[in-house]
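Fold and contact review
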Amino acid sequence: MSTWLITGCSTGLGRALAEAVIGAGHNTVVSARDVASVTDLADATPQRVLAVALDVTKSEQVTSAVRQAQERFGGVDVLVNNAGYGYRAAVEEGDDADIRTLFETHFFGAVEMIKAVLPGMRARRSGAIVNISSIGVQLTPVGSGYYSAAKAALEGISGALHGELAPLGISVMVVEPGAFRTDFAGRSLTQSATVIGDYADTAGRRRKENDTMHGTQPGDPEKAAAAIIAAVDSGEPPAFLLLGTDALLAYRYIADRRSTEIAAWEPLTTSTNLDS
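The chain carries the name 3-oxoacyl-[acyl-carrier-protein] reductase FabG in an unreviewed UniProt entry, which gives Mycobacterium simulans as its organism. As stated in UniProt under Sequence similarities (unreviewed entry), the record for the chain gives "Belongs to the short-chain dehydrogenases/reductases (SDR) family."

Throughout the structure, instances matching the rule amount to 7 salt bridges. Of the charged contacts in the structure, one is a salt bridge between Asp40 and Arg15, with a shortest N-O distance of 2.5 Å. Here Arg15 lies in helix H1 (residues 12–23) and Asp40 lies in helix H2 (residues 39–44), a separation of 25 residues in the sequence. Among the salt bridges present, the one from Arg67 reaches Glu71, with a minimum N-O distance of 3.8 Å. In this pair, Arg67 and Glu71 are both assigned in helix H3 (residues 59–73), 4 residues apart and thus about one turn of the helix distant. The exposure class assigned to Glu71 is exposed, which follows from its relative accessible area of 61%. Salt bridges sharing common partners tie together Arg15, Glu19 and Asp40.

Membership of the largest hydrophobic core comes to 31 residues, with the highest contact counts inside it found for Trp4, Leu17, Val130 and Ile228. Not counting residues within four places of it along the chain, the set of residues in contact with Leu17 comprises Trp4, Ile6, Val80, Ala225, Ile228 and Ile229. Counting 24 residues, the second-largest nonpolar core is a separate cluster that includes Leu50, Val62, Val76 and Leu118.

Turning our eyes to something else, we now look at the UniProt feature "domain: Ketoreductase" (unreviewed entry) in the chain. Sequence positions flagged by UniProt for "domain: Ketoreductase" (unreviewed entry) are, in local numbering, residues 2–178. The span residues 2–178 carries 49% helix and 20% strand; its end-to-end C-alpha distance comes to 28 Å.

With that settled, consider the pairing of strand E2 (residues 27–32). The buried fraction of E2 is high, at 6 of 6 residues. Both faces of E2 are covered, namely the face carrying Asn27, Val29 and Ser31 and the face carrying Thr28, Val30 and Ala32. When strand E1 (residues 3–6) meets E2, the two strands line up parallel, connected through 4 bridges. For Ile6, the partnering residue across the bridge sits in E2 and is Val30.

Before going further, it helps to spend a moment on the sheet that holds E1. Ordered by their spatial adjacency, 7 strands build an open sheet running E3-E2-E1-E4-E6-E7-E9, and the pairing between neighbours is parallel. Looking at the sheet topology across the chains shown, the edges are occupied by strand E3 (49–53) and strand E9 (240–243). Averaged over all pairs of adjacent strands, the angle between strand axes in this sheet comes to 15°, irrespective of strand direction. Here strand E6 (residues 127–132) runs beside strand E7 (residues 170–177); their pairing, made up of 6 bridges, is parallel. Within the sheet, the bridge partner assigned to Ile132 lies in E7 and is Val175. Contacts from helix H4 (residues 96–124) reach E1, strand E4 (78–81), E6 and E7, with the element oriented near 175° to E4.

It is worth spelling out helix H8 (residues 245–264) at this point. Taking 1.5 Å as the rise per residue, H8 with 20 residues should run 28 Å; its terminal C-alpha atoms sit 29 Å apart, in good agreement. Within H8, the full set of buried residues consists of Ala247, Ala250 and Ile254. Taken around the axis of H8, the buried residues stretch over an arc of 70°, which confines them to a single face. Of the exposed residues in H8, those oriented more than 90 degrees away from the buried face are Thr245, Leu249, Arg252, Asp256, Thr260 and Ala264.

Time to look at the packing of H4 against helix H6 (residues 145–165). Across the interface, H4 lies against H6 with an axial gap of 8 Å and an inter-helix angle of 15°. The angle between H4 and H6 places the two elements in the roughly parallel class. Of the two possible hands of crossing, H4 and H6 adopt the one that is right-handed. Between H4 and H6, the contacting residues are Ile99, Leu102, Phe103, His106, Phe107, Ala110, Val111, Ile114 and Leu118 on the first element and Tyr146, Tyr147, Ala149, Ala150, Lys151, Ala153, Leu154, Ile157, Leu161 and Leu165 on the second. Here the contact of H4 with H6 is built from residues that sort into 17 nonpolar, 1 polar and 1 charged.

Below, the discussion takes up the side chain of Ser134. Note on placement: Ser134 falls in the loop between E6 and helix H5 (136–139). There is a polar contact of 2.9 Å between the side chain of Ser134 and the backbone nitrogen of Gly136. Other than its neighbours up to four places away in sequence, Ser134 contacts Tyr147, Lys151, Glu155, Val175, Glu176 and Pro177.

Quick notes on the rules
- Residues numbered from 1 in each chain as written.
- Predicted model: local features only at pLDDT ≥ 70, side-chain atom pairs only at ≥ 80, totals over all residues.
- Heavy atoms only, no water.
- UniProt positions renumbered as here; feature names shortened; annotations may be inferred.
- Salt bridge = Lys/Arg side-chain N within 4 Å of Asp/Glu carboxyl O.
- Helix = DSSP H or I, 4+ residues; strand = E, 2+ residues; numbered from the N terminus.
- Buried < 20%, exposed > 50% of the residue type's maximum accessible area, 1.4 Å probe, protein only.
- Core = buried A, V, L, I, M, F, W, Y, C linked by side-chain atoms within 4.5 Å.
- Contact = heavy atoms within 4.5 Å.
- Pairing = 2+ DSSP bridges.
- Axes fitted to C-alpha atoms, helices over the stretch in contact; angles between N-to-C directions.
- Expected span 1.5 Å × (residues − 1).
- Arc of directions from axis to C-beta.
- Parallel < 35°, antiparallel > 145°, perpendicular 65-115°, else oblique.
- Left-handed = near helix turned anticlockwise from the far one by under 90°.
- Nonpolar A, V, L, I, M, F, W, Y, C, P; charged D, E, K, R; others polar.
- Polar contact = N/O pair within 3.5 Å; in protein donor to acceptor, adjacent residues only side chain to side chain.

Right, dumping it as structure tokens:
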């Protein structure tokens, strides 16, 4: 039995993962900005589940959540940085305050969570960090530039963490899901107040009022949760895990297209070395 701390458990993948981890018999710290949305999980299995209020953009709540996990279960073995939401805007339309809040949640909040659990993991020379990213990092779809950038930042720091922590017995896994049947493209999706007409045929098509994805996503959150648990419990979690056939196809498409472009420009690329 290990102890998992999962951020953003009120709905969607976070909720599905929390239920699956609890069902697998692990101690589980379930968290949400509104703790009332997850207290039912703790009430159903009070001996193994602790519900905490956690807004990852608030340092005092990050500290409190990890402290409560330590006091109740002796520490955190698996941290899942899942808290987040979508944000749609053409780059020019993005509101500065909205953008900063987006990065505070998806990047800086996740980093603060990681730094809060690492002392205990290092002391035990064991642990797992799971950072939920998005296939959007590869696709960089129009209208989702800021969201993709925030997740790309999380992936960048995850790569460095992987090298730093592997010798200490701590794994770091980035998860890139495709489209899953959650509220992510519905209730959880936000967008800029500014709308610029010149982007109507690009970013504008992906604004909430024009997007038809919600309710049609191919991915099953319960199967995604089971896959994450299987990867963590494997003993050697991958540094990078795609979830969903759509994510796999998209990744391969981008990789092939990028490889073709690199080959086409190889002469220019290699022309920049100093003459010897």
